[in-house]
Structure formats: C-alpha cells, structure tokens
Amino acid sequence: MAGNTNARLVLAHGAPSWPTDWRAAQRVYLDRQLGLLSIEHDGSIGWDELQAIKNRIAGEATVAIEVYPPAGRVVNNIEMRHLWLLGADDWWPDLGGEYAPIEYATLRERYLAVQLSTGGPTS
C-alpha cells in the first residue's frame, strides 16, 4: 500500500487461516495507528464479506465506516475498500431512523434532528 508505511498485511488469500467464505478479498491490511482496515479484492466484494472481514480483524462490536469523497478527490486506481474503525466513544449514525431535513449542515445535526423528532435515542 503505497504512501502508508504503518499498514501491515494481516491476511492473504491462500494462507492456511484464510476463511473459505471470503471469495472476493485478496489481501487484508491493517493500520492500527489510523484505525484503517484496507481490503484488496477482485472487484466483486460485497457488504457481507466486508462485514465478515471487519468482524474477524477488528471484532464484532467494532463500528467501521467507509468514506466517499467529493468527485475531485477520488483516488480509484486499485480494487480496494477502506474501512475506518471507530473508537468506542466515536459518534456514528444509527441508520434505522428516518431522513432529516436537508437544511442541517452536518451529518450529526441531521441525525440528532431526526432522533429528536421521532423520540428516539440521541446519544
């Protein structure tokens, strides 16, 4: 992984410990300092396989997110997905709620507005 010297290869396809149900993933890298899990794949990876990899490497209780940047900042030169591992106290949206009005500036503001309007949890 060019440019990221802290990332370490933790699993590679063909290794004895490679799960047989991981069909699209080829290599899995982990940067513990950044909390970044990078998965090189064959182009066909799906949500279920990404979730299984996150669970195996970071734990079932860990929350991970993907970031989709503005068009002008996209780097897409290799089949790789990046999962950012959140800390125990990091905020993340519970996606089971309804969409909030667009006038709120941040994701957190939109999420909290929906939670308040529906009487749901706000933490």
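About the cut-offs
- Residues numbered from 1 in each chain as written.
- Predicted model: local features only at pLDDT ≥ 70, side-chain atom pairs only at ≥ 80, totals over all residues.
- Heavy atoms only, no water.
- Pairing = 2+ DSSP bridges.
- Helix = DSSP H or I, 4+ residues; strand = E, 2+ residues; numbered from the N terminus.
- 1 Å grid on protein atoms, 1.4 Å probe; cavity = no way out; pocket = protein on both sides within 12 Å on 5 of 7 lines; lining within 4 Å.
- Points joined across faces, edges and corners; volume = space filled by probe spheres on them.
- Nonpolar A, V, L, I, M, F, W, Y, C, P; charged D, E, K, R; others polar.
- Buried < 20%, exposed > 50% of the residue type's maximum accessible area, 1.4 Å probe, protein only.
- Polar contact = N/O pair within 3.5 Å; in protein donor to acceptor, adjacent residues only side chain to side chain.

**Topic: the sheet that holds strand E5 (residues 80-85)**
Here is step 1: Strand order in the open sheet formed by five strands is E1-E2-E3-E5-E4, with antiparallel pairing between adjacent strands. Lying at the two open borders of the sheet, with one neighbouring strand each, are strand E1 (8-12) and strand E4 (64-65).
Here is step 2: As paired strands, E1 and strand E2 (residues 25-31) are joined by four bridges and run antiparallel to one another. Paired with leucine 9 across the strands is tyrosine 29, a residue of E2.

**Let's talk about the layout of surface pockets**
Here is step 1: Roughly 630 Å³ of volume is contained in the largest pocket.
Here is step 2: Sorting elements by how many residues they give to the lining of the largest pocket places E5 first, with four residues.
Here is step 3: Tallied by class, residues from the lining of the largest pocket come to ten nonpolar, four polar and three charged.

**Here's the deal with the pairing of strand E3 (residues 36-41)**
Here is step 1: Buried residues dominate E3, accounting for six of its six residues.
Here is step 2: Residues Leu36, Ser38 and Glu40 point to one face of E3 and Leu37, Ile39 and His41 to the other, with burial holding for every one of them.
Here is step 3: In the sheet, E2 pairs with E3 via six bridges, with the strands oriented antiparallel. The residue bridging arginine 27 from the neighbouring strand is glutamate 40, located in E3.
Here is step 4: Linking two consecutive strands that pair antiparallel, namely E2 and E3, is a turn of four residues; a positive phi of about 75° is found at glycine 35 within it.
Here is step 5: Of the strand pairs in this sheet, E3 and E5 are connected by five bridges, and their pairing is antiparallel. Counterpart to serine 38 in the pairing with E5 is histidine 82.

**Description of the environment of tyrosine 68**
Here is step 1: The topology assignment puts tyrosine 68 in the loop between E4 and E5.
Here is step 2: Residue tyrosine 68 is classed as exposed on the basis of its relative accessible area of 64%.
Here is step 3: Looking at tyrosine 68, its side chain comes within polar contact range of the side chain of glutamate 66, at 3.2 Å.

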